[in-house]
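A structural walkthrough
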Amino acid sequence: MADVVQERAGVTVLVCDPTGPPVATEADALDLVGAAFLGAQVVALPASRLAPDFFSLGTRFAGEVMQKFVNYRLRLAVVGDISAHLAASAALRALVHESNRAEHVWFVPDLDALDARLAATSR
């Protein structure tokens, strides 16, 4: 499956292919931003495509990626099970908790959870 733009809960979402290229640099994140400019408001990125550095907050890679999406006024949804990363880092747990309370970056377990979140915010 290639990355595809879909209407989900009334919102245009770029749903990224789980087997697509890894997001390991800021340039990779900008490639997704560029792809989303085809009309998407949200990028649903499988957690499996994120380089391990994303989940190690000391590298600052997560902040750099998240800031790219905020700067371009796109929402980012990291989709998938990140429980092993959360278990290993209190700082990451705090980041995920705070991100999920806001509007720009969400961490969700699956696309159904993303749909529910989108539906709740569009009311």
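Everything here concerns the structure above.
Quick summary incoming for the structure in this document.

Quick look at unusual backbone geometry now. Even without glycine at this site, Arg60 takes up a positive phi of about 70°. Here Arg60 is to be found in the loop between β3 (42–46) and α2 (61–71). Looking at Arg60, the relative accessible area reads 63%, which means it is exposed. At Arg73, a residue that is not glycine, the phi angle is positive and equals roughly 55°. By secondary structure assignment, the location of Arg73 is in the loop between α2 and β4 (75–79). The exposed category is assigned to Arg73, whose relative accessible area is 78%.

For the structure shown, the criterion picks out four salt bridges. Across the salt bridge formed by Arg8 and Asp115, the nearest N and O atoms sit 2.8 Å from each other. One end of the pair, Arg8, is in strand β1 (residues 4–8); the other, Asp115, is in helix α5 (residues 111–121), and 107 residues separate them in sequence. Overall, the relative accessible area of 15% leaves Arg8 in the buried class. Between Glu98 and Arg101 there is a salt bridge; the shortest N-O distance is 3.3 Å. Of the two residues, Glu98 and Arg101 are both situated in helix α4 (residues 90–101); the distance of three residues between them amounts to about one turn of the helix. Its relative accessible area of 45% is what places Glu98 among the partly exposed residues. Under the relative-accessibility criterion, Arg101 is labelled exposed at 60%.

The pairing of strands in a sheet happens through backbone hydrogen bonds and is either parallel or antiparallel. Pairing is mixed across the open sheet formed by five strands, whose spatial order is β1-β2-β3-β4-β5. Bordering the open sheet on either side are β1 and β5 (105–108), each of which pairs with just one other strand. Taken over all neighbouring pairs, the strand axes of this sheet differ in orientation by 25° on average, direction set aside. As paired elements, β3 and β4 share five bridges and run parallel to each other.

Given 3.6 residues to a turn, an α-helix orients residues that are three or four positions apart in the same direction. Among the residues of helix α1 (residues 26–36), Ala29, Leu32, Val33 and Ala36 are the ones counted as buried. Looking straight down α1, one finds that the buried residues subtend no more than 100° of arc, so they occupy a single side. Packing partners of the buried residues in α1 comprise β2 (11–15), β3 and α2.

Conventions adopted
- Residues numbered from 1 in each chain as written.
- Predicted model: local features only at pLDDT ≥ 70, side-chain atom pairs only at ≥ 80, totals over all residues.
- Heavy atoms only, no water.
- Helix = DSSP H or I, 4+ residues; strand = E, 2+ residues; numbered from the N terminus.
- Buried < 20%, exposed > 50% of the residue type's maximum accessible area, 1.4 Å probe, protein only.
- Salt bridge = Lys/Arg side-chain N within 4 Å of Asp/Glu carboxyl O.
- Pairing = 2+ DSSP bridges.
- Axes fitted to C-alpha atoms, helices over the stretch in contact; angles between N-to-C directions.
- Arc of directions from axis to C-beta.
- Contact = heavy atoms within 4.5 Å.

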